[in-house]
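A structural walkthrough
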Amino acid sequence: QVQLVESGGGLVQPGGSLRLSCAASGSIFSINVMGWYRQAPGKQRDLVAAVTPSGSTNYADSVKGRFTISRDNPKNTVYLQMNSLKPKDTAVYYCNTDIQNGYDMNWTNNWGKGTKVTVSS
């Protein structure tokens, strides 16, 4: 059984910063691309940023220059540093990744339960 646990969300004023973390645990043999998605109330879940095992990244246009995604492979953890936050960044942020488990070597797509980010004065 593999589990993704996010942390780091909260309430922040416009212009502020937050750092989200997502740690994968369980019987893990390999992890592929790790990504952060977000879903605002009444809207679909959209990709925010993703990072490959080698460190290549891609970002949604709306967060380029403000957010930075990174990963610590030995710790099976992905981070999202969010700077210059805006009210439109308010959403529940979810971690997502494909994991190859160590029991049967099968790949599964996994979601965390999400962490809420509210940007408001």
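**Some words on the overall build of the chain**
- Along the chain, the regular secondary structure elements total 0 helices and 11 strands.
- Taking 121 residues into account, the globule formula puts the C-alpha radius of gyration at 14 Å, and the chain, at 14 Å, falls close to it.
- Counting only C-alpha atoms, the chain reaches 50 × 25 × 20 Å along its principal axes.
- With 121 residues in all, the chain has 38% of them scored as buried.
- Across the chain, the fraction of contacts at a sequence separation of at least 24, relative to all contacts at a separation of at least 6, is 57%.
- On the chain, roughly 6500 Å² of surface is accessible, and the fraction owed to carbon and sulfur atoms is 47%.
- Measuring between centres, the 12 positive side-chain charges of the chain sit 9 Å from its 7 negative side-chain charges.

**Section: the state of the cysteines**
- Applying the stated criterion to the full structure yields 1 disulfide.
- There is a disulfide in this structure between Cys 22 and Cys 95, and the S-S distance comes to 2.2 Å. Disulfide Cys 22-Cys 95: the torsion about the S-S bond is -80°, which places it as left-handed. Here the residue Cys 22 occupies a position in strand 3 (residues 18-26), and Cys 95 occupies one in strand 9 (residues 91-101), the gap between them amounting to 73 residues. Pair check on accessibility: Cys 22 and Cys 95 agree, each one buried.

**A word on the environment of Leu 18**
- If you trace the backbone, Leu 18 turns up in strand 3.
- Of the residues examined, Leu 18 reaches a relative accessible area of 15% and is grouped as buried.
- Put simply, Leu 18 and Phe 67 are 49 residues apart on the chain and 9.7 Å apart in space, counted from C-alpha to C-alpha.
- Setting aside residues no more than four positions away along its own chain, Leu 18 makes contact with Gly 8, Gly 9, Gly 10, Val 12, Leu 80, Gln 81, Met 82, Leu 85 and Val 117.

**Side note on the packing of aromatic side chains**
- Counted by the stated rule, this structure contains 2 aromatic pairs.
- Here the aromatic rings of Tyr 94 and Trp 111 are separated by 6.4 Å at their centres, their planes lie at 85°, and the arrangement is edge-to-face. Within this pair, whereas Tyr 94 is found in strand 9, its partner Trp 111 is found in strand 10 (residues 107-111), the two being separated by 17 residues in sequence.
- Taking the relative accessible area as the measure of exposure, Trp 111 reaches 38% and is therefore partly exposed.
- Each member of the aromatic cluster is reached from another via a ring pair, and the members are Tyr 37, Tyr 94 and Trp 111.
- Across the ring face of Tyr 79, the terminal group of Arg 19 is positioned such that the distance to the ring centre comes to 4.0 Å.
- One Lys or Arg, Arg 45, reaches over the ring of Tyr 94 and ends 3.6 Å from the middle of that ring.

Rules used throughout
Residues numbered from 1 in each chain as written. Predicted model: local features only at pLDDT ≥ 70, side-chain atom pairs only at ≥ 80, totals over all residues. Heavy atoms only, no water. Helix = DSSP H or I, 4+ residues; strand = E, 2+ residues; numbered from the N terminus. Rg over C-alpha atoms; globule rule 2.2 N^0.38 Å. Buried < 20%, exposed > 50% of the residue type's maximum accessible area, 1.4 Å probe, protein only. Contact = heavy atoms within 4.5 Å. Areas by Shrake-Rupley, 256 points an atom, 1.4 Å probe, with all protein chains shown as cover. Lys, Arg positive; Asp, Glu negative; His and termini not counted. Charge placed at Lys NZ, Arg CZ, Asp CG, Glu CD. Disulfide = S-S within 2.5 Å. Phe/Tyr/Trp six-rings, centres within 6.5 Å; stacked < 30°, edge-to-face > 60°. Lys NZ or Arg CZ within 6 Å of the ring centre and 35° of its normal.

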